[in-house]
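Understanding the architecture of this molecule
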Amino acid sequence: GMSILVSSDTMLTYRETKNLFWGLVRLGSFPDAIEQCEIAATLYRTPGSLSGQSAALLLWSFASSQEEMGCPNHSKAFRSTMYRLGLEVTRDIIEVDSQSVSLTSWSLGIMKIRHAEFVKSLSSAAVIHKLDAFEPQHVSNLLWGLGKCGVLPGSEFLDKVLMV
């Protein structure tokens with residue numbers, strides 16, 4: 001499965017590669033650290049090329065791989081790519097659904113990536129207003145991820161979350 005994604009002979013479109021990676025992880029096929037770096041480099045070439053929802057699903061795929069394999073990827077290039085994926089979600093924070101926001105937080109927490117821009121975007125008035133639509137599981141994942149990263153948003157955000 002994963003060998004298709006890292007083979008230079010494979011002629012998949014960007015969308016096919018992204019969807020295949022997500023699907024393989026959902027089915028329990030997890031790449032090792034070297035494959036993660038190769039897949040990340042293939043999937044994220046151009047900043048601004050992903051929707052926030054697509055970036056959240058990719059973050060989830062990479063985080064799930066690391067959690068399942070028990071091998072965090074500390075490569076600077078890999079972590080930089082994950083940070084940039086977080087920026088894609090942050091850019092679309094108002095448009096993405098609550099599950100994408102919570103998946104992003106959970107994923108960053110699993111990978112222990114501090115993401116100041118993502119956290120700051122959570123404290124915006126528009127996102128705080130949107131929290132009313134979050135399911136309890138989404139709120140839980142959001143707070144768990146932020147706590148794992150050792151980062152907490154401003155008190156206005158926490159007050160609002162506690163009222164949800």
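Structural data are supplied above this passage.
Residues numbered from 1 in each chain as written. Predicted model: local features only at pLDDT ≥ 70, side-chain atom pairs only at ≥ 80, totals over all residues. Heavy atoms only, no water.

The tally for this structure, following the rule as stated, stands at two aromatic pairs. Aromatic side chains phenylalanine 21 and phenylalanine 62 sit 4.7 Å apart centroid to centroid with 45° between the ring planes, which places their arrangement in the tilted category. One end of the pair, phenylalanine 21, is in helix 2 (residues 14-26); the other, phenylalanine 62, is in helix 4 (residues 52-69), with 41 residues separating them in the sequence. Like phenylalanine 21, the residue phenylalanine 62 is buried in the burial classification. Here phenylalanine 62 and phenylalanine 78 contribute two aromatic rings whose centre-to-centre distance is 5.4 Å and whose plane-to-plane angle is 75°, an arrangement assigned as edge-to-face. On the criterion of sequence distance, the pair formed by phenylalanine 62 in helix 4 and phenylalanine 78 in helix 5 (residues 76-91) is long-range, its members being 16 residues apart. (Phe/Tyr/Trp six-rings, centres within 6.5 Å; stacked < 30°, edge-to-face > 60°. Helix = DSSP H or I, 4+ residues; strand = E, 2+ residues; numbered from the N terminus. Buried < 20%, exposed > 50% of the residue type's maximum accessible area, 1.4 Å probe, protein only.)

The nonpolar side chains of a soluble globular protein tend to be buried with one another. Phe62, Met82, Met111 and Leu122 are the most contacted members of the largest nonpolar core, which has 40 residues in total. Residue contributions to this core peak at seven residues, all from helix 4. Non-local contacts of methionine 82, meaning those with residues more than four positions away in its chain, are made with Ala40, Leu59, Phe62, Met111 and Ile113. (Core = buried A, V, L, I, M, F, W, Y, C linked by side-chain atoms within 4.5 Å. Contact = heavy atoms within 4.5 Å.)

This part covers helix 3 (residues 33-43). Three or more residues of helix 3 are buried, namely Glu35, Gln36, Ile39, Ala40 and Leu43. On an axial view of helix 3, the arc spanned by its buried residues comes to 135°, and they lie on one face. (Arc of directions from axis to C-beta.)

Take the packing of helix 3 against helix 4 next. For any two helices packed against each other, the geometry comes down to the angle between their axes and how far apart the axes lie. Where helix 3 contacts helix 4, the two axes come as close as 12 Å, and the packing angle between them is 175°. If you check the angle between helix 3 and helix 4, you find them roughly antiparallel. Facing Gln36, Ile39, Ala40 and Leu43 of helix 3, the residues of helix 4 in contact are Leu58, Phe62, Ser65 and Gln66. Considering only residue class, the contact of helix 3 with helix 4 consists of five nonpolar, three polar and no charged. (Axes fitted to C-alpha atoms, helices over the stretch in contact; angles between N-to-C directions. Parallel < 35°, antiparallel > 145°, perpendicular 65-115°, else oblique. Nonpolar A, V, L, I, M, F, W, Y, C, P; charged D, E, K, R; others polar.)

This model, assessed by the stated rule, comprises one cavity of 30 Å³ or more. In this structure, the largest cavity occupies an estimated 50 Å³ of space. If you trace the largest cavity, you find it lined by Ser105, Leu108, Ile113, Arg114, His115, Phe118, Val119, Gly145, Leu146, Cys149 and Val151. Elements with a contribution of two residues or more to the lining of the largest cavity: helix 6 (98-110), helix 7 (116-122) and helix 9 (136-149). Counting residues per element, the lining of the largest cavity draws most heavily on helix 9, which supplies three residues. Its residues placed into classes, the lining of the largest cavity shows seven nonpolar, three polar and one charged. (1 Å grid on protein atoms, 1.4 Å probe; cavity = no way out; pocket = protein on both sides within 12 Å on 5 of 7 lines; lining within 4 Å. Points joined across faces, edges and corners; volume = space filled by probe spheres on them.)

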